[in-house]
Every structure is written in C-alpha cells, then in structure tokens.
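# Descriptive structure summary
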Amino acid sequence: MKKAMDANEINDVLKANPEWNLKDGKLIREWTFKDFIQAMAFVNRVATLAEAAGHHPDIDIRYNHVVLGLVSHDAGGITQRDASMASKLSKEFPSA
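Values in this document were obtained by computation on a predicted structure and should not be read as measured data.

## Details of the sheet that holds strand β2 (residues 26-32)
Across the sheet, 4 strands lie side by side as β1-β2-β4-β3; this open sheet has antiparallel pairing. A strand with exactly one partner marks an edge of an open sheet, and here the two such strands are β1 (21-23) and β3 (58-62). Between one strand and the next, the sheet's axes are offset by a mean angle of 30°, whatever the strand orientation. Where β2 meets strand β4 (residues 65-70), 6 bridges bridge the pair, whose relative direction is antiparallel.

Spelled out as structure tokens, the structure:
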C-alpha cells in the first residue's frame, strides 16, 4: 500500500502544480470547455492516460465544466502517485 503524504509534502505538490488545489482531502483541478462535446472528448483523453497509469481520478462533468479529483483511497490520502498524475495531466492539458 502507498503511504499518504503529510501536509508539508502536499504543499510542495501544490507549489509545483499551482493550477491544482486541495479540497476535501483531494488534489482538485477544473477545466471549462466550449461545449459538452469538447468536455467529453477531454474526459475520454484523461481516461486513456489514467488507464495507462493505473490511476483513475474522480471525475465530475457538468455540461462544459470538468472537475478532476486525485486521491489514493487505498492509502487514505494523497500519495506520490496522485502528485505524479497531477503533473502528467497538467503537462498534457495545460488549459481548456
């Protein structure tokens, strides 16, 4: 099982990935798109990356607005695996 990060480690992750925030014990990032079709295309691309990484984010879709949440439920918090996924998603999808 992976080890959950402490508050200082999480703060370092947030400094390195300023587009992400901490909410409800998860790394959270939001994207807004032109329409629902673009939002769904984005989610499908995220799904492909997530499956390859073996890490599946929480996904909330509201028309053209997508929120991703990263947490390792099996570790009871945010782990290095979540931090790596956040960095990977930020590189792949810098903005909507």
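## Quick look at the packing of aromatic side chains
Two numbers describe a pair of aromatic rings. These are the distance of the centres and the angle of the planes. Taken as a whole and assessed by the stated rule, the structure comprises 4 aromatic pairs. With 4.8 Å between their ring centres and 45° between their planes, Trp31 and Phe42 make a pair best called tilted. Here Phe42 lies in helix α2 (residues 36-53) and Trp31 lies in strand β2, a separation of 11 residues in the sequence. Phe42 sits in the buried class, given a relative accessible area of 3%. Relative to Phe42, the ring of Phe33 lies with its centre 4.9 Å away and its plane at 40°, an arrangement referred to as tilted. For Phe33, a relative accessible area of 13% translates into the label buried. Taken together, the ring pairs in this structure connect Trp20, Trp31, Phe33, Phe42 and Phe93 into an aromatic cluster.

Definitions and limits used
Counting starts from 1 at the beginning of each chain's written sequence and moves along it residue by residue. For a predicted model such as this one, the threshold for reporting local features is a pLDDT of at least 70, and the threshold for listing and counting side-chain atom pairs is 80 or more; totals across whole chains, interfaces and linings nevertheless cover every residue. For side-chain calculations, the full set of non-hydrogen atoms in the structure is used, while hydrogens and water are omitted. Between any two strands, at least two bridges found by DSSP are needed for them to pair. The way it works is that DSSP assigns letters per residue, a run of H or I at least four long becomes a helix, a run of E at least two long becomes a strand, and they are numbered from the N terminus. The axes are straight lines fitted to the C-alpha atoms, using for helices just the contacting stretch, and the angles between their N-to-C directions are given from 0 to 180°. Centres within 6.5 Å are what make two rings of Phe, Tyr or Trp a pair, Trp counting through its six-membered ring; a difference in plane orientation under 30 degrees is then read as stacked, over 60 as edge-to-face, and the rest as tilted. With a 1.4 Å probe rolled over the protein chains alone, any residue whose accessible area is under 20% of its type maximum counts as buried; one over 50% counts as exposed, and the rest are partly exposed.

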